[in-house]
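Listed here are the chains, written in short residue letters.
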Amino acid sequence: MRLAQLPREFVGAQPILTTLEAAGYEAYFVGGSVRDTILGKPIHDVDIATSAYPEEVKALFKRTVDTGIEHGTVMILDHGTGYETTTFRTESGYQDYRRPDKVTFVRHLEDDLKRRDFTINALALRQDGEVIDLFDGLSDLKAGIIRAVGDPEARFGEDALRMMRAVRFASQLNFKIEDKTLAAIHTHAHLLSQIAVERIHDEFVRMMLGKAAYRGLSMMIQTTLADYCPGLVGHTIDLSTIATVPALAPKDEVEVWAMVAFHLGLSYPDTVEFLQAWKTANHIIKAANQALHLAYAQQYHGVTKQLLFAMTPDTIAAGTNVARMSGYGPDDPNEWLRVYNELPIKDSHDLALSGADLIKKAGLTPGPAVGETLQKVQNAVIDGELNNEAAELLKYVQDKILAKNDTSTKK
Ligand SMILES: Nc1ccn([C@@H]2O[C@H](COP(=O)(O)OP(=O)(O)OP(=O)(O)O)[C@@H](O)[C@H]2O)c(=O)n1
């Protein structure tokens, strides 16, 4: 197969391949960007593989950075862009199921491609557009199949994270995992417990953001990967509740985690602990917790203006989506955002009455009563019972709150 046109990102890197080839070496585009180009998807990182050894690469280019020279990777800087260029290599060792102990540089493309995880990731692209397809990756791409290169047992034994990559690609691309590859995941699932949770985190989130997240999750359960996944240990994902979800389509990481916590039925403190165990960033934990709060409120007791006031538009959107994905309203996806936008105040500082006003103008003694009174006023404003105007608020405090307190004290 020959591509009629290369994406712009590859065109920008062509001079590097030309220089390597002119010096007598082979050079190709490899990895995910080749796969994604053939699928017609946008590409992110351009990876180059070459028969030149790292020192030979460095001798050919003026500006290089040793980004991973022990693994054969040198970054070549060209017109302000860095291109990772890696020498063809074989890998061996893998004592910890994740990183090869030994990398050997080789001169043949085939040796480099056959160490790769899946056939769809083992394609190489020549700069003239010709796709080198030594493991039938093109037919698997066309048929929508994730198939290990060579012996699946060996591929997963080398790097256990590849099992999560398989379910992630299956979900992202809406592909099926070929039978032998799936069976090998089942056999090797226990090795996932050896992998650092941070690395699994990224694959899991990307899987959940994929087109076929429900299938990815089912495959994790079916192959027992979920049982050995460090972040999920001790939790049981009930697929029967998720199966009722009309369209499992979280749109970002916050929604992914809020949805997972919702389906696991986690309380707020448990959610924080759960997400910390996954090494999730603190700002994501905070936002996911808010979104979860909203989804639970919808499920159990209804969403109040007070609750919306405590949130941001982003977390309201996320909470709405999580609740809707789980079969709980609102029917109109913009309903809660609209209610939020119509709130008379968005922040405590917007209140037309301050603690100092209460002390100076309403005669309150400094202390907890000031905060409690302000809270009551704020709630009344949020609920639309009072206009946010200083005189009206002060009158309300004097007539309704202080007068009531007086009567209750007198009783
Ligand atoms: N555990 C891994 C990780 C990567 N690779 C190989 O290295 C390439 C680049 O890996 P990476 O950039 O991590 O992933 P991509 O396949 O490029 O996918 P994406 O861009 O979606 O992350 C892969 O295509 C694959 O050939 C592998 O064999 N085994």
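Okay, so let's go over this structure. The structure presented is a predicted model; accordingly, all values stated were derived computationally and were not measured.

By the definition in use, this model includes 13 aromatic pairs. Note on Phe-204 and Trp-257: the rings are 5.6 Å apart at their centroids and 25° apart in plane angle, and the pair reads as stacked. Of this pair, Phe-204 sits in helix 9 (residues 197-208) while Trp-257 sits in helix 13 (residues 253-264), placing them 53 residues apart in sequence. Judged by relative accessible area, Phe-204 falls into the buried class, the value being 0%. With centroids separated by 4.9 Å and ring planes inclined at 25°, the aromatic side chains of Phe-204 and Trp-278 adopt a geometry described as stacked. Pair noted here: Phe-204 is in helix 9 and Trp-278 is in the loop between helix 14 (268-277) and helix 15 (282-300), with a separation of 74 residues, a long-range link.

Our next topic: the site of the ligand. All residues adjacent to the ligand are Gly-31, Gly-32, Arg-35, Arg-116, Asp-117, Asn-121, Asp-159, Arg-162, Arg-165, Arg-168, Phe-169 and Arg-206. Gly-32 is positioned with one of its backbone polar atoms (N or O) 3.2 Å from an oxygen atom of the ligand. At a separation of 3.0 Å, an oxygen atom of the ligand approaches a polar side-chain atom of Arg-116. In isolation the ligand has 560 Å² of accessible area, and contact with the protein removes 76% of it. Mapped onto the shell around the ligand, the elements with two or more residues apiece are helix 2 (32-38) and helix 7 (161-173).

What follows deals with the pairing of strand 1 (residues 27-30). Side chains Ala-27 and Phe-29 of strand 1 all project onto a buried face; the interleaved residues Tyr-28 and Val-30 project onto the opposite face, where all are buried too. Alignment of strand 1 against strand 2 (residues 47-50), held across 4 bridges, turns out to be antiparallel. Each residue of the ladder has a partner; that of Ala-27, found in strand 2, is Thr-50. Bridge analysis of strand 1 against strand 8 (residues 124-125) gives 2 bridges, and the strand direction is antiparallel. In the sheet register, Phe-29 faces strand 8, and the bridge partner there is Leu-125.

How each quantity is defined
Residues numbered from 1 in each chain as written. Predicted model: local features only at pLDDT ≥ 70, side-chain atom pairs only at ≥ 80, totals over all residues. Heavy atoms only, no water. Phe/Tyr/Trp six-rings, centres within 6.5 Å; stacked < 30°, edge-to-face > 60°. Helix = DSSP H or I, 4+ residues; strand = E, 2+ residues; numbered from the N terminus. Buried < 20%, exposed > 50% of the residue type's maximum accessible area, 1.4 Å probe, protein only. Near = heavy atom within 4 Å. Polar contact = N/O pair within 3.5 Å; in protein donor to acceptor, adjacent residues only side chain to side chain. Areas by Shrake-Rupley, 256 points an atom, 1.4 Å probe, with all protein chains shown as cover. Pairing = 2+ DSSP bridges.

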